[in-house]
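For reference, the chains in residue letters:
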Amino acid sequence: MNEPLGIILKMLKLVRFARIYGWQRALNKAIARTRPHWLRRRISYRRKATISVIGCGQFAFSSVCFFLRRHCQNGFLSAYDVNRQQAQSLGHYYGFREIAVTVDAVLNHPSLAVLYILSNHASHAAYAIAGLQRNKIVYVEKPIAVTRDQFIELSVAARQSSGQVFAGYNRPYSEAIQVLKPYVITQKTAGSFSLNYVINGHVIPPDHWYRRPDEGTRICGNIGHWIDLTIHLFAWRSLPDWIAVQIAYANPDEPDDNLVITFTTDQHDLVSMLFTSRAEPFEGVREVMHLQYNDLIAHIDDFRQLTVHQGAKRRNWHFTPKDVGHERAVLQPFCADNRAWHEVELSTLLMLFVRDQVLTGQAMSRFDVPAELRRLEADVEHLIASPSTVSF
Ligand SMILES: NC(=O)c1ccc[n+]([C@@H]2O[C@H](COP(=O)([O-])OP(=O)(O)OC[C@H]3O[C@@H](n4cnc5c(N)ncnc54)[C@H](O)[C@@H]3O)[C@@H](O)[C@H]2O)c1
């Protein structure tokens with residue numbers, strides 16, 4: 001692409017993002033990509049600095065710190081990243097008290113109260129465990145774990161800690177899902193869900209860290225969002241006893257880029273997720289969701305619009321800025337009425353189950369909900385009886 005065209009497209013993207021997210025957030029997203037070293041905020045000593053961040057990449061810069069700065073009384077304490085320049089640019093832009101040289105310096109800082117983990121997927125669980133073992137409040141981005149061992153160790157730490165843990169799964173906190181909830185939970189009789197998601201994901205190059213074998217595939221990296229949202233919606237009614245999982249791959253050589261996952265359950269639910277990433281969506285990830293539950297029909301268009309039909313009644317909501325739930329999810333450590341952690345545990349078990357299915361190329365399998373939950377508790381008890389050694 002020639003340079004003038006490239007600049008025009010970047011300007012167009014900025015304008016488009018401003019219409020979707022508002023100017024401040026759109027500019028913040030652009031600054032997060034360029035990170036000019038001269039943009040520094042003076043450190044404020046009026047706010048008590050208690051929030052630290054591990055992993056200072058795009059999401060930390062464009063979203064997490066943006067919302068924390070906007071809403072929190074607490075100030076920023078330590079920024080840490082394996083890439084020091086990332087930590088410096090984030091730390092200087094948001095006025096962190098210190099750019100930590102080691103992760104121990106973050107974890108053992110006496111003023112640390114709330115730890116945000118926004119690093120690569122394979123590192124989430126170990127950092128979250130380290131925070132919980134120090135009885136801190138921990139916000140860990142999705143996925144909370146990419147292996148079963150990590151997940152069990154994290155579950156043990158969550159049960160043993162006097163701190164708290166929150167996950168970065170944000171769709172349940174979106175305005176569209178919040179508006180939809182009373183329509184479902186006030187139904188007089190329990191019904192079956194018909195859910196259909198169509199997701200246009202980012203194009204991820206072959207050398208991107210998401211592709212590394214230990215990072216859990218795009219099932220953990222991306223599709224976990226809609227697996228988690230499905231568990232959240234099921235929990236509005238009651239969880240099924242089993243979930244039959246079927247997967248169709250467009251190209252078995254790239255199994256997690258273009259695929260359809262379906263869930264059917266003993267409660268006659270029918271869920272389909274089409275995830276496709278054949279070309280980069282100019283406005284970022286795009287998602288459409290259809291739901292039917294008894295006489296209720298709902299359509300969510302990219303978390304910018306919700307339409308609900310019930311019999312002859314029809315209502316429309318527009319969400320400007322677009323709200324996939326980032327803001328409210330990021331603020332979980334400072335809010336009451338957060339979703340239950342056991343939902344995140346179950347959605348993680350199902351996500352790891354689907355991921356294993358993708359890795360083995362299996363087309364069909366069945367996830368037994370009570371058996372998986374029993375196995376989780378047995379593994380947790382076993383580990384508590386004979387602790388292992390994850391530490392920082
Ligand atoms: N909830 C959401 O909607 C959402 C959206 C985007 C990203 N995310 C999540 O946010 C996290 C970061 O994603 P991103 O888009 O900012 O990626 P990114 O590549 O821009 O940033 C990751 C950062 O982590 C740093 N890092 C890598 N390994 C590390 C380690 N072991 N310790 C400390 N730092 C390390 C990298 O140097 C980089 O600066 C991921 O978990 C991602 O899934 C969530």
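See above for the structure.
Note on numbering: residues in each chain are counted from 1, in written sequence order. Where totals are concerned, whole chains, interfaces and linings use all residues; where local detail is concerned, this predicted model gives features only for residues with pLDDT of at least 70, and gives and counts side-chain atom pairs only at 80 or more. Values shown for side chains rest on all heavy atoms present in the structure; no hydrogens or waters enter the calculation.

J.: Can you explain the pattern of salt bridges? Please cite residues and give values.
T.: Think of it this way: side chains of opposite charge can pair up when their charged atoms draw near. When a carboxyl oxygen of Asp or Glu lies within 4 Å of a side-chain nitrogen of Lys or Arg, that pair is called a salt bridge. This structure, assessed with the given rule, holds 19 salt bridges. Linking Asp302 and Arg304 is a salt bridge whose minimum nitrogen-to-oxygen distance equals 2.9 Å. Three exposure classes are used, based on accessible area relative to the maximum for each residue type with a 1.4 Å probe and protein chains only: buried under 20%, partly exposed in between, and exposed over 50%. Judged by relative accessible area, which is 0%, Asp302 ranks as buried. For Arg304, a relative accessible area of 23% translates into the label partly exposed.

J.: Give me the lowdown on helix H6 (residues 124-133), citing residues and values where you can.
T.: Counting buried residues along H6, eight of its 10 residues qualify, which places the element largely inside the surrounding structure. By definition, any uninterrupted DSSP run of H or I lasting at least four residues is a helix, any uninterrupted run of E lasting at least two residues is a strand, and each is numbered from the N terminus. Burial in H6 covers these residues: His124, Ala125, Tyr127, Ala128, Ile129, Ala130, Gly131 and Leu132.

J.: Can you explain the sheet that holds strand S5 (residues 137-140)? Please cite residues and give values.
T.: Between any two strands, at least two bridges found by DSSP are needed for them to pair. The parallel open sheet is built from six strands, whose spatial order is S3-S2-S1-S4-S5-S6. In the strand order of this sheet, the two ends are held by strand S3 (98-99) and strand S6 (164-167), each with one partner. Bridge count for S5 against S6 is four bridges, and the pairing is parallel. Looking at S6, one finds that Tyr139 is bridged to Phe166.

J.: Describe the side chain of Ser277, and please don't skip the residues or the numbers.
T.: Mapped onto the elements of the fold, Ser277 is located in the loop between strand S10 (270-276) and strand S11 (286-293). Residue Ser277 is classed as buried on the basis of its relative accessible area of 8%. Of the polar contacts made by the side chain of Ser277, one reaches the backbone oxygen of Asp257; its length is 3.0 Å. Note on definitions: a residue-residue contact is assigned when non-hydrogen atoms from the two residues lie within 4.5 Å. In contact with Ser277, other than residues within four places in its own chain, are Gly201, His202, Val203, Arg218, Asp257 and Asn258. Any pair of N or O atoms that falls within 3.5 Å is considered a polar contact. Within protein, one atom must be able to donate a hydrogen and the other to accept it, and sequence-neighbouring residues count only if both atoms are side-chain atoms.

J.: I'd like a rundown of the site of the ligand, residues and numbers included.
T.: For the ligand, the set of nearby residues contains 27 residues, the closest of which are Phe59, Asp81, His121, Tyr127 and His326. A distance of 3.2 Å is found between a nitrogen atom of the ligand and a backbone nitrogen or oxygen belonging to Gly168. Note on areas: Shrake-Rupley with a 1.4 Å probe; residue coverage comes only from the protein chains shown. Out of a free accessible area of 840 Å², the ligand has 82% covered by protein chains. When grouped by side-chain class, the residues that make up the shell around the ligand number nine nonpolar, 14 polar and four charged. Only a single heavy atom is needed: when it lies within 4 Å of a molecule or strand, its residue is near that molecule or strand. Each residue receives one of three labels: charged for Asp, Glu, Lys and Arg, nonpolar for Ala, Val, Leu, Ile, Met, Phe, Trp, Tyr, Cys and Pro, and polar for the others, Gly being one of them.

J.: Would you mind going over the packing of aromatic side chains in detail, with residue names and values included?
T.: When two rings of Phe, Tyr or Trp (its six-membered ring) have centres within 6.5 Å they constitute a pair, described as stacked for plane angles under 30 degrees, edge-to-face for angles over 60, and tilted for the intermediate range. Tallying each qualifying case throughout the model produces 14 aromatic pairs. With a centroid separation of 4.9 Å and an interplanar angle of 85°, the aromatic rings of Tyr93 and Tyr94 are classed as edge-to-face. Assessed through its relative accessible area of 5%, Tyr94 is described here as buried. Centroid distance Tyr183 to Trp317: 6.2 Å. Interplanar angle 80°. Geometry classified as edge-to-face. One end of the pair, Tyr183, is in helix H8 (residues 175-185); the other, Trp317, is in strand S14 (residues 313-318), and 134 residues separate them in sequence. The exposure class of Trp317 is buried, given its relative accessible area of 15%. Through pairs of rings, three or more aromatic residues link up here, namely Phe61, Phe76, Tyr93, Tyr94 and Phe96. A cation over a ring is seen here: Arg41 above Tyr93, with NZ or CZ 5.1 Å from the ring centre. Sitting over a ring, as applied to charges here, requires NZ of Lys or CZ of Arg to be within 6 Å of the ring centre and within 35 degrees of the ring normal.

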